[in-house]
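Examination of the molecular architecture
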Amino acid sequence: MTDNPHDDNPRRRDFLYIATGVVGAAGVCAGAWPFISALGPDAETIANGAPVDVNLEPIAEGQIAKVLWRGRLVFIRHRTAEEIQKAKDLPVSAQLDPQEDSLRVKEGHEEWLVVFGNCTHLGCVLLGHEGQHGGWSCPCHGSEFDTSGRVTRGPAPSNLPVPDYVFLDGGTSIRIGVSSPDQTV
Ligand code: FES
């Protein structure tokens, strides 16, 4: 996984996507800047838990974008049709914390998976497109997660949690940190 924008393999172009728009008191949100940007919200604002808006349009199919929200890493994965099918087909017997893929994504937006990005064992940052099921693997003690963020190999005890979020703008962006588009913080 590299941050090289000139790499032709979209799976190798996963990028850090920190500078999202923070939803202000008036509900105004800014656009998103790909890659690290000094224009992003300050750490105190993020730490206070303001929702963040993320423009999904620059995230190519197969890519995993990374966002910081409340100081926590969030992965936004634009799943391919193959990755979606693999998630649907994963037998319960291969899951350590069984859960339907459909309960981890939004209906009608199955191509988007939004999960916290730290291993549920001791919190290491996971590596994307790794592991037996092509989801993530943990470089620390070898846990693996599938393309739905479900743990398939321990010692991690549980699936990657899904934060509250909603789709906006006809599905071209998401707001992380709210459970309905009208929610004010
Ligand atoms: S922190 Fe991931 S397996 Fe230990």
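Below is a short write-up of the structure. (Residues numbered from 1 in each chain as written. Predicted model: local features only at pLDDT ≥ 70, side-chain atom pairs only at ≥ 80, totals over all residues. Heavy atoms only, no water.)

**Focus on the packing of aromatic side chains**
Filter applied, for reference: Any two of the Phe, Tyr and Trp rings considered here, Trp counted by its six-membered ring, make a pair once their centres fall within 6.5 Å; the pair's planes then place it as stacked at under 30 degrees, edge-to-face at over 60, or tilted in between. Strands here are runs of E lasting at least two residues and helices are runs of H or I lasting at least four, both read from the DSSP assignment and numbered beginning at the N terminus. Under the scheme applied here, a residue whose accessible area is under 20% of the maximum for its type counts as buried, over 50% as exposed, and between as partly exposed, the area being computed with a 1.4 Å probe on protein chains only.
For the coordinates displayed, the defined rule picks out three aromatic pairs. Aromatic pair Phe75 and Trp136: ring centres 5.4 Å apart, planes at 10°, arrangement stacked. Of this pair, Phe75 sits in strand β4 (residues 72-78) while Trp136 is found in strand β7 (residues 136-137), placing the two residues 61 residues apart along the sequence. Judged by relative accessible area, Phe75 falls into the buried class, the value being 2%. With a centroid separation of 5.8 Å and an interplanar angle of 70°, the aromatic rings of Tyr165 and Phe167 are classed as edge-to-face. Both residues of the pair, Tyr165 and Phe167, count as buried.

**As for the sheet that holds strand β6 (residues 127-128)**
Basically, it comes down to this: A pair of strands is treated as paired once DSSP finds two or more bridges between them.
Overall, antiparallel pairing links the four strands, which are arranged β6-β7-β8-β9 in an open sheet. Looking at strand neighbours, the two that pair on one side only are β6 and β9 (151-153), the edges of this open sheet. Two strands pair when backbone bridges link them, and strand β8 (residues 144-145) and β9 are joined in this way by two bridges, in the antiparallel orientation. Paired with Phe145 across the bridge in β9 is Val151.

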